[in-house]
Amino acid sequence: MEIKDILVINPGSTTTKIAVYTNQNKDVLFEETIVHDENKILSFPNVASQREYRREMILQMLQEDGYDLSNLSAVVGRGGMVYDLAGGGYKVNKKLCDKLASSTIPQHASSLGGILAYMIAEPLNLPAYIYDSTMGCDLLDVVKLTGIAGAEKYGATHLLNSRAQAIKYAASVGRDYRDMQLIVCHMGGGITANAWRDGKVIDTAAYDDGPMAPERSGGVPLLLFKKLCFDGRHTEKDMEDLISGKGGLYSYLGTKDCLEVEKRIESGDEYAKLVYEAMALQVAKSVAGLSCVLKGKVDVIILTGGIARSKMLTDMIAEYCGHIGKIEVMAGEGEMEALAGGALRMLQGEEIAKEY
Ligand SMILES: Nc1ncnc2c1ncn2[C@@H]1O[C@H](COP(=O)(O)OP(=O)(O)O)[C@@H](O)[C@H]1O
Ligand SMILES: CCCC(=O)OP(=O)(O)O
């Protein structure tokens, strides 16, 4: 079967990135970031209910770009917050689509990736895939225990970019990432870190227990958190917003923009410096924590994501955890390419797409 183009969909909280890869992924035909009206997004009761709106926006963008959908061989989306997904690729079927849309899973825009892929691929009679979902880790049993029986850690993380950077780094030193022990720390609006062994994420500093981030609280002391939950001033939604959206740098400094924070620091704002350094220290502590599951044998610590562009921050992190291993800064992310690569391997039969 001739493999033609692959449409990649990566939904974020207020944007949907799309790209069309062609010529067996050698070329990107185009890549667009659809920026959604924040108020429009806020008007939906939950993530899944944004699907029709985002699908229309994607199709409209493809039409504006003059793209002919009959050139597609598959559609792939970012995988979402479904607890029992493994790493790698899945074909999206109705059952998975329904699960991604369920209100019982944690609400995160990534879950729209598979839903949108399915909604666009299905009428065209094409396969829809997801790849490296945010919960597709292979956490060790010993890692899953939290201290509360029945409440297992699931480790929501930036698996997609983490694996992409692990593969890229290993290739740059002539090795296979599956033979290495790596810690990869993705630093964007949210920050998570992963410990890799045998090509699997065996432990994470995750979305809800990792370091603070530009817009996320990260793990906070339980008694403090409980107090806020029950003080009569915070609704469940307020607490969710503190975990993701209005926590972290935003909570302390009223901005999620690290460039703005650095400007303040450079102009002598000591409080901004304290908060930024706290974030760096929390990242370093996550790296140190993950080094334990690797029993101290860490081939490399990779700092990636948008904030890895900041020398100020990566230097601060290195100062606190440079003793653990070599630090490699790989700024930016390779999520779109990683999604396209996964879909291509599944189309070629090089990787078997799992069924949910
Ligand atoms: N050169 C830079 N120096 C410092 N911070 C940067 C730089 N470039 C981007 N950032 C910060 O990176 C963050 C966004 O990272 P990104 O990976 O694009 O996030 P996401 O994909 O999670 O929205 C913002 O806080 C932004 O200010
Ligand atoms: C749920 C882990 C992945 C994540 O937080 O993604 P974003 O930073 O893109 O929201």
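You'll find the structure just up there.
Rules used in this analysis
- Residues numbered from 1 in each chain as written.
- Chains lettered and ligands numbered in written order.
- Predicted model: local features only at pLDDT ≥ 70, side-chain atom pairs only at ≥ 80, totals over all residues.
- Heavy atoms only, no water.
- Helix = DSSP H or I, 4+ residues; strand = E, 2+ residues; numbered from the N terminus.
- Buried < 20%, exposed > 50% of the residue type's maximum accessible area, 1.4 Å probe, protein only.
- Near = heavy atom within 4 Å.
- Polar contact = N/O pair within 3.5 Å; in protein donor to acceptor, adjacent residues only side chain to side chain.
- Areas by Shrake-Rupley, 256 points an atom, 1.4 Å probe, with all protein chains shown as cover.
- Nonpolar A, V, L, I, M, F, W, Y, C, P; charged D, E, K, R; others polar.
- Phe/Tyr/Trp six-rings, centres within 6.5 Å; stacked < 30°, edge-to-face > 60°.
- Lys NZ or Arg CZ within 6 Å of the ring centre and 35° of its normal.
- Domains from an automatic or database assignment.

(A) The environment of Leu 42, seen in detail. Note that Leu 42 resides in helix α1 (residues 38–42). Taking the relative accessible area as the measure of exposure, Leu 42 reaches 61% and is therefore exposed. C-alpha of Leu 42 to C-alpha of Arg 216: the two residues are 174 residues apart in sequence and 18 Å apart in space.

(B) Summary view of the site of ligand 1. Taken together, Gly 188, Gly 189, Lys 256, Asp 257, Cys 258, Leu 259, Glu 262, Gly 306, Ile 307, Arg 309 and Ser 310 make up the full set of residues near ligand 1. Backbone polar atom of Lys 256 to an oxygen atom of ligand 1: 2.8 Å apart, as the coordinates give it. Within the backbone of Gly 306, an N or O atom sits 2.9 Å from an oxygen atom of ligand 1. Here ligand 1 loses 66% of its free accessible area of 580 Å² to cover by the protein chains. By residue class, the composition of the shell around ligand 1 is three nonpolar, four polar and four charged.

(C) Layout of the packing of aromatic side chains. Applying the stated rule across the entire model yields four aromatic pairs. Look at Phe 30 and Tyr 67: their rings are 5.9 Å apart centre to centre, the planes differ by 70°, and that puts the pair in the edge-to-face class. Residue Phe 30 is located in strand β3 (residues 27–35), and its partner Tyr 67 is located in the loop between α2 (51–64) and β4 (72–78); the two are separated by 37 residues in the primary sequence. Given a relative accessible area of 11%, Tyr 67 falls into the buried group. Taking the centre distance of 4.9 Å and the plane angle of 70° together, the rings of Tyr 83 and Tyr 154 count as edge-to-face. Separated by 71 residues along the polypeptide, Tyr 83 in the loop between β4 and β5 (89–91) and Tyr 154 in the loop between α5 (141–144) and α6 (159–172) bring together distant segments of the chain. The exposure class of Tyr 154 is partly exposed, given its relative accessible area of 28%. Sitting above the plane of the Tyr 250 ring, Lys 256 keeps its charged end 5.4 Å from the centroid. Its guanidinium or amino end placed over the ring of Tyr 90, Lys 354 lies 5.5 Å from that ring's centre, counting from NZ or CZ.

(D) Broad picture of the site of ligand 2. Every residue near ligand 2 is listed here: Arg 78, Met 81, His 108, Thr 134, Ala 156, Thr 157, His 158, Tyr 207 and Arg 216. Within the side chain of Arg 78, one N or O atom sits 3.0 Å away from an oxygen atom of ligand 2. The side chain of His 108 places a nitrogen or oxygen atom 2.7 Å from an oxygen atom of ligand 2. Here ligand 2 has 310 Å² of accessible area as a free molecule, and 85% of this is covered by the chains. Considered class by class, the residues forming the shell around ligand 2 number three nonpolar, four polar and two charged. No fewer than three residues from each of domain 1 (5–136 + 335–355) and domain 2 (141–325) sit in the shell around ligand 2.

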